[in-house]
Amino acid sequence: MKDENCIFCKLANGDIETATLYEDDKFRVILDASPAAKGHALIIPKDHYRNLFDLEDEVAREVMPLAKKMVNKLKDILGCDGYNIIQNNEASAGQTVFHFHMHLIPRNSGDKVGLGWKMGALSETDKNELVEKMNA
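What comes next is a walk through the structure. (Residues numbered from 1 in each chain as written. Predicted model: local features only at pLDDT ≥ 70, side-chain atom pairs only at ≥ 80, totals over all residues. Heavy atoms only, no water.)

Description of the pairing of strand 5 (residues 102–107)
When a strand is regular, its side chains alternate between the sheet's two faces. In plain terms, the rule: Type-normalised accessible area, obtained with a 1.4 Å probe on protein chains alone, sets the label of each residue: buried when under 20%, exposed when over 50%, and partly exposed for intermediate values. Runs of H or I in DSSP of at least four residues are treated as helices and runs of E of at least two as strands, each being numbered from the N terminus. The rule for pairing is simple: two strands pair if DSSP sees at least two bridges between them.
Burial within strand 5 is extensive, with six of its six residues counted as buried. The side-chain alternation of strand 5 yields two buried faces, one formed by Met-102, Leu-104 and Pro-106 and the other by His-103, Ile-105 and Arg-107. By the bridge criterion, three bridges tie strand 3 (residues 41–45) to strand 5 in an arrangement that is antiparallel. Bridge pairing in strand 5 links Ala-41 to Leu-104.

Structure, rendered in structure tokens:
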């Protein structure tokens, strides 16, 4: 299913020209137009899913092996030290385009790509509450 008003549906399905790195019947991998680093790519399903909460299990099973394939190839091409694979869900988590997509961001030691967060501490109360509720 496509959403006629979704920019990522249009990108994934070739309605808007992209720098395509890979394509199959379910996904298109493109270079991000506003990259965090050279080689920053996006994996975009051709069908519309708002985010991970809506993603079909079959598509979810296929996206991580595709990410692995892409970062292995791009790591060789770019000679980078590592990779961030990022996927945001809802505005509070940084999602700005509401079509499931995965960022593949090449990293090098000492680069200025900022993806951090302030580290907290896991309290015994929080730990016990969450483990108990998950196992209920």
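Alright, that's what it looks like, and here's the rest.
What about the layout of surface pockets?
For clarity, the cut-off: Points on a 1 Å grid, built from protein atoms alone, make a cavity when a 1.4 Å probe fits but cannot get out and make a pocket when they are open with protein on both sides within 12 Å along at least 5 of 7 lines; residues with an atom within 4 Å of a point are the lining residues. Grid points are joined across faces, edges and corners, and a volume is the space filled by probe spheres set on the points. Classes in brief: Ala, Val, Leu, Ile, Met, Phe, Trp, Tyr, Cys and Pro nonpolar; Asp, Glu, Lys and Arg charged; the others, Gly included, polar.
Here the largest pocket is characterised by a volume of approximately 180 Å³. Partitioning the lining of the largest pocket into residue classes produces six nonpolar, seven polar and one charged.

Focus on the nonpolar core
Stated formally: Think of a nonpolar core as a cluster: buried Ala, Val, Leu, Ile, Met, Phe, Trp, Tyr and Cys residues, connected wherever their side-chain atoms sit within 4.5 Å. By definition in these notes, contact holds between two residues if any of their heavy atoms fall within 4.5 Å.
Of all hydrophobic cores here, the largest spans 18 residues; its most connected members are Ile-43 and Leu-104. Breaking this core down by element, the ones donating at least two residues are strand 2 (27–31), strand 3, helix 2 (57–78) and strand 5. Tallying contributions element by element places helix 2 first for this core, with seven residues. With residues near it in sequence (within four places) discarded, Leu-104 still touches Gly-39, His-40, Ala-41, Ile-43, Ala-67, Met-70, Val-71, Tyr-83, Asn-84 and Ile-85. Judged by nonpolar contacts, the second largest core, of nine residues, contains Phe-8, Cys-9, Ala-12 and Val-97.

As for the sheet that holds strand 3
Going by this rule: Fitted lines through C-alpha atoms give the axes, limited to the stretch in contact for helices. The angle between two N-to-C directions lies from 0 to 180 degrees.
Pairing is antiparallel across the open sheet formed by five strands, whose spatial order is 1-2-3-5-4. Both edges of this open sheet fall to strand 1 (20–23) and strand 4 (82–86), since each of them pairs with a single strand only. Recorded for the sheet is a direction-independent mean angle of 20 degrees between the axes of neighbouring strands. The pairing of strand 4 with strand 5 spans five bridges and is classified as antiparallel. Bridge assignment links Asn-84 to a residue of strand 5, and that residue is Ile-105.

Everything listed here is a matter of geometry and, on its own, says nothing about what the molecule does.
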